[in-house]
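Architecture at a glance
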Amino acid sequence: MLAFTLRRLLAAIPTLFLVVLGAFLLVRAAPGGPFDEERVLPAELEANLLAAYHLDEPLPTQFLRYVGGVLTGDFGPSYGYRDYTVGQLIAQAFPLSLMIGGLAMLLALALGISAGAVAALRPNTALDRGVMALSMTGISIPVFVIAPLLVLAFGVSLDWLPVGWSGSGGISRLVLPVVALALPQVAHIARLTRAGLIEVLESDYIRTARAQGLPTSTLLLVHAARPALVPVLSYLGPAIAGILTGSVVIEQVFGIPGLGQFFVNGALNRDYTLVLGIVVFYATLIVLLNLAVDILYATLDPRIRLT
Amino acid sequence: MSLLEVDALTVRYGADAVVDDLSFALEPGEALGLVGESGSGKSQTALAVMGLLPATAAVGGSIRFAGTDLRGLGRKAMNRLRSVSLAIVFQDPSLALNPYLTIGRQLTAILHAHDLARGPDALARAEAALADVGLPDPRRQLAAYPHELSGGMRQRVMIAAALLGKPDLLIADEPTTALDVTVQAQILELLDRLRDHTSLLLITHDLGVIAGHCERMLVMESGRLVESGSTATVFRAPEHAATQALIGAATDLAVDSPPAGDSDFLMSADALSVGYPAGRSQRLAAVRELSLALRRGETLAVVGESGSGKTSVARALCGLVAPAGGSVVFAGKRLGATLAERDLGLKRRIQLVFQDPAGSLSPGMKVAEIVAEPLRVHEPGLAREEVRRRVEAALADVGLGPEYLGRYPHELSGGQAQRTAIARALVLRPELLVCDEAVAALDGSVRARLLARLKAVQANTGLGILFIAHDLAVVRQIAHRVAVMYLGRIVEAGETDAVFGNPRHPYTRALIDAVPVPDPLRPAGRNSLSGEIPSPLAPPSGCAFHPRCRWSEPRCVAGRPALERIGGEPRRVACWRAEDPELVTTPG
Ligand code: SF4
């Protein structure tokens, strides 16, 4: 297991390198520089600024300097938030994004698995069809449509929940963003759970378990749970990526000062280092979480050997 | 009172009655055989008794167990009877055990559910049950997962699970069909020994299995009971055509004479070795310096238990794995090690058919497209009508009419799917057909017809067939020559008649002995082979068969006997004692 983890981490290095290279080039290819503003700076001042941030060096040198920094954990200074380093900004904003994303993931799993299981146990009944129709809707509506709709319904018309971040504090302001972020994932997870459980319930070994006279609870919890959850597990990777990208939209809609918010602002302000830093951070995060999913896989299915 | 009384049982799916007006009774302590081909309704009967039919089945008639009407019971009441009064062992232990749970967990779940034992008690009982069915080191096996056990061991676990609640009736539905012949004999013996006071309903398509183990038997065809009586009587004077066909399929062991005259070899392998990496720094030697040759128009069978390396031979010949050593010559030319190194023309001339027909046909294509596909790859210039003609001819070769052209794989039975797969191989007019357990999944009579078709194709075209199989009855039906493999080497090879009629290697003898004989008056396959094939990772020293050989001597442990001709015969045997008078004259 340890050898497997190390090998996978080593294998991730070229991937991450390409991500950094790609992001670096894309950011530089965008028109304009970090200090282009309405007010034209005096040429001398601009040259000083560029020199201070090493922007006057040739591109390959800049890239190497950046990679070198990243390797030592230094993402460089932010061009937009002048007094902060990118590392500080990430450290400040990430906990909030993590909380919202994590809660959304947990909610999606809890709701999705229970809805899928309920549907699978009564296949082709009205209940099953209802759950599946709802989840189909959930899959087809993107986050940026769901979020404003939720705000309209529960925030504005019904006025049950706060719609923004700045207003009244407390837990209640988390509800709408977390739900909006979770909904599309609930839908996917419900469908996967349903399909997985139905297939498992038709398998020969469940027939054996029935023939042994096991009560339904044992059948489901002891025999069917693990194999039925395997497809859900394999969806966790894409789900995590979905929640990460979704959070960029959600934080914008609800005005949450999380990492997604910084990312968008960074892109708008041509804050090279901030955008790059967040891309590298997210890419690393996704690699690590996928590794965790694979390890979880092996604990769930004894036939999988981590080599 | 009978233990089990089935009266006018009918099972329908839509308009199709799969069990039609079936009545029979089973007495306490009795062993009753229920025979028929697949689709005859015998498994549906078993499921009906266990209350396991799907909701789509419409059931009529009554099933009484010790006087209780099972069909009137609710789910809870039925659950209480299962395991404790009624238990079942299914056909394929690799599917019937939950791959995600340890053996111990699956066994203790039964004890918990029926309040038979809890905690350490339950574990102790599970361990004792595993010991009863002859599992070595039962305590360790409690923590093992099913995939860590061999097929025979898994079926032992299934039997242990079924007998855990000490049921009055045990239903065994094709309990040995998925197993090697030597293991089959062990499992049947185990069922006999363990059932003690438990009544047995033994369901099978193999009359040989019934003969040694059941006093009375029933024969089903298309859902109906067509014959019943004492096993001896039914065997001596089968009345119904279905029974006669079943007995025929089991006893038809005639062999055609090998093709006369020309002896140029179509294919020969010399000192072929195949290995696979097995974990860190280890290599599993599946085939060790094996040599064999095949003439045009000849069928050579390679037989052995699973783990003998026979499938690896097929895969190496077809270029699916690169051999670790040795060479293969085909039609005078040395073959490249893998498919990538062979040119397209050569690939066309060697075709392979696998065991699992359904898995090898793409579900979205019609039969016509499936069979035509190889032509598109290998003979792209062919006109449409010509393709159609070739496809129809290939299907006709395997006995499928043009009405199958438009069907999809899921609309085919197992036999039809396998015939489609064979047609797909034959459409290219290959010179060598490699069949890897290609008929293993088929019923007796379906199989016999298919083999007859293959023989006809062979007679017309001079096709060479390499036939990989574990079923000796099938090999007798089709092979001119046979090579018996054990742990990666050939231990005996020769004309089929000579090898089967007068086996000289102790392993060949044991294999033949283990085949259930469809004759109730002869003892059931004497199980002269104990244990299972050792791991190829650590083969025994000297003669690899020595730990299981009843003739073994010190020199067998010390040195490996070469595969050599014996007497003036063309047959070759690898045994120190092949010509030892004691071994030659002792029967069995
Ligand atoms: S060589 Fe010895 S151990 Fe091997 S088969 Fe012959 S008698 Fe048995």
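Above this text sits the structure in question.
Reference entry: report on the structure contained in this document. Counting restarts for each chain, with residues numbered from 1 along the sequence as it is written. Whichever chain is written first becomes A and whichever ligand is written first becomes 1, with later ones labelled in order. At least 70 in pLDDT is required for a residue's local features to be given in this predicted model, at least 80 for side-chain atom pairs to be given and counted, and no such filter applies to totals for whole chains, interfaces and linings, which use all residues. To get the side-chain values, all heavy atoms of the structure are used, and hydrogens and water are removed first.

1. Concerning the pattern of salt bridges
Residue and element names in this part refer to chain B. Put simply, the rule reads: Throughout this description, the term salt bridge denotes a Lys or Arg side-chain nitrogen within 4 Å of a carboxyl oxygen of Asp or Glu. Numbering of helices and strands runs from the N terminus; a helix is a DSSP stretch of H or I covering at least four residues, while a strand is a stretch of E covering at least two. Three exposure classes are used, based on accessible area relative to the maximum for each residue type with a 1.4 Å probe and protein chains only: buried under 20%, partly exposed in between, and exposed over 50%.
This structure, assessed with the given rule, holds 20 salt bridges over all chains. For Arg295, the salt bridge is made with Glu298, and the minimal N-O distance between the two is 3.1 Å. Two residues, Lys310 and Glu437, come together in a salt bridge whose shortest N-O distance is 3.8 Å. A residue pair is termed long-range when its members are at least 10 positions apart, and Lys310 in helix α12 (residues 310-317) and Glu437 in the loop between β17 (432-436) and α18 (444-461) qualify at 127 residues. On the basis of relative accessible area, Glu437 is assigned to the buried category, the value being 11%. If you follow the salt bridges from partner to partner, you end up with Arg295, Glu298 and Arg481 in one network.

2. Points about the side chain of B:His480
What counts is decided by this rule: Polar contacts, as counted here, are pairs of nitrogen or oxygen atoms within 3.5 Å of one another; within protein the pair requires one atom able to donate a hydrogen and one able to accept it, and residues that are adjacent in sequence qualify only if both atoms are side-chain atoms.
Tracing the sequence through the fold places B:His480 in the loop between α19 (472-478) and β19 (481-486). A polar atom in the side chain of B:His480 sits 2.8 Å from the backbone nitrogen of B:Thr299.

3. Observations concerning unusual backbone geometry
Residue and element names in this part refer to chain B. One non-glycine residue, Asp137, lies in positive phi territory at about 50 degrees. Counting through the fold element by element, Asp137 comes out in the loop between α5 (119-132) and α6 (138-142). Even without a glycine there, the phi angle at Lys166 is positive, about 50 degrees. Tracing the chain through its elements places Lys166 in the loop between α7 (151-163) and β7 (169-173).

4. Here we look at the pairing of strand β2 (residues 16-26) of chain B
Residue and element names in this part refer to chain B. Rule in force here: The rule for pairing is simple: two strands pair if DSSP sees at least two bridges between them.
Relative to β2, strand β1 (residues 4-13) runs antiparallel, the two being bridged by 7 bridges. Among the inter-strand pairings, Arg12 is bridged to a residue of β2, identified as Ala17. Where β1 hands over to β2, the hairpin turn is made up of 2 residues, of which Gly14 adopts a positive phi near 60 degrees.

5. Thoughts on helix α1 (residues 42-50) of chain B
Residue pairs spaced three or four apart in an α-helix point in one direction, given the helix's 3.6 residues per turn. The element α1(B) is largely enclosed, with a buried count of 7 among its 9 residues. Turning to α1(B), its buried residues are B:Lys42, B:Thr45, B:Ala46, B:Leu47, B:Ala48, B:Val49 and B:Met50.

6. Remarks on a negative patch on the surface
How we decide: The residues that make up patches have over 30% relative accessible area and no salt bridge, and they are joined within 9 Å when like-charged or within 5 Å when they are Val, Leu, Ile, Met, Phe, Trp or Tyr. To be clear on the numbers: accessible area is Shrake-Rupley with a 1.4 Å probe, and residue cover counts the displayed protein chains and nothing else. In this tally, Asp and Glu contribute negative charge and Lys and Arg positive charge; neither His nor the terminal groups of the chain are included. Positions of charges follow a simple convention, taking NZ of Lys, CZ of Arg, CG of Asp or CD of Glu.
Residues B:Glu5, B:Asp7, B:Asp21 and B:Glu27 make up a contiguous surface patch of negative charge. Relative to the elements of secondary structure, B:Glu5 occurs in strand β1.

7. Description of the packing of helix α4 (residues 86-121) of chain A against helix α5 (residues 126-140) of chain A
Residue and element names in this part refer to chain A. As a reminder of what qualifies: The convention used is that axes are lines fitted to C-alpha atoms, helices contributing only their stretch in contact, and that angles between N-to-C directions extend from 0 to 180 degrees. For a crossing to be left-handed, the near helix must be turned anticlockwise from the far one by less than a right angle; the clockwise case is right-handed. In this description, contact between two residues means that some pair of their heavy atoms is separated by no more than 4.5 Å. Residue type decides the class: Asp, Glu, Lys and Arg count as charged, Ala, Val, Leu, Ile, Met, Phe, Trp, Tyr, Cys and Pro as nonpolar, and the leftover types, Gly among them, as polar.
Where α4 meets α5, the axes come as close as 8 Å, and the angle between the chain directions of the two elements is 145 degrees. Crossing of α4 over α5 shows left-handed handedness. Across from Ala115, Val118 and Ala119 in α4, the residues of α5 making contact are Leu127, Asp128, Val131 and Met132. Here the residues of the contact of α4 with α5 sort into 6 nonpolar, no polar and 1 charged.

8. Considering the site of the ligand
Counted only if it meets this: Summary of the distance rule: residues count as near a molecule or strand when at least one heavy atom falls within 4 Å of that molecule or strand.
Of all residues adjacent to the ligand, which total 13 residues, the nearest are B:Cys543, B:Cys549, B:Cys556, B:Cys575 and B:Trp576. Here the residues of the shell around the ligand are counted per class, giving 9 nonpolar, 3 polar and 1 charged.

9. Focus on the packing of helix α1 (residues 2-29) of chain A against helix α11 (residues 272-300) of chain A
Two quantities define a packed helix pair, namely the angle between the axes and the distance from one axis to the other. Residue and element names in this part refer to chain A. For clarity, the cut-off: For classification purposes, angles smaller than 35 degrees are called roughly parallel, those larger than 145 roughly antiparallel, those between 65 and 115 roughly perpendicular, and all remaining angles oblique.
Packing of α1 against α11 leaves a shortest axis separation of 10 Å and a crossing angle of 155 degrees. As summarised for this structure, α1 and α11 are arranged roughly antiparallel, according to the angle between their axes. Taken as a pair, α1 and α11 cross one another with a handedness that is right-handed.

10. With respect to the nonpolar core
All names here are of chain B. Defined as follows: We call a set of buried residues a nonpolar core when its members are Ala, Val, Leu, Ile, Met, Phe, Trp, Tyr or Cys and they connect through side-chain atoms within 4.5 Å of each other.
If you look at the biggest cluster of nonpolar residues, it comprises 98 residues, and the most contacted ones within it are Leu4, Ile159, Leu169 and Ile171. Not counting the four nearest positions on each side in its chain, Ile159 is found in contact with Val89, Val133, Ile187, Leu190, Leu191 and Leu194. Leu405, Leu412, Ile465 and Phe500 belong to the second largest nonpolar core, which has 67 residues in total.

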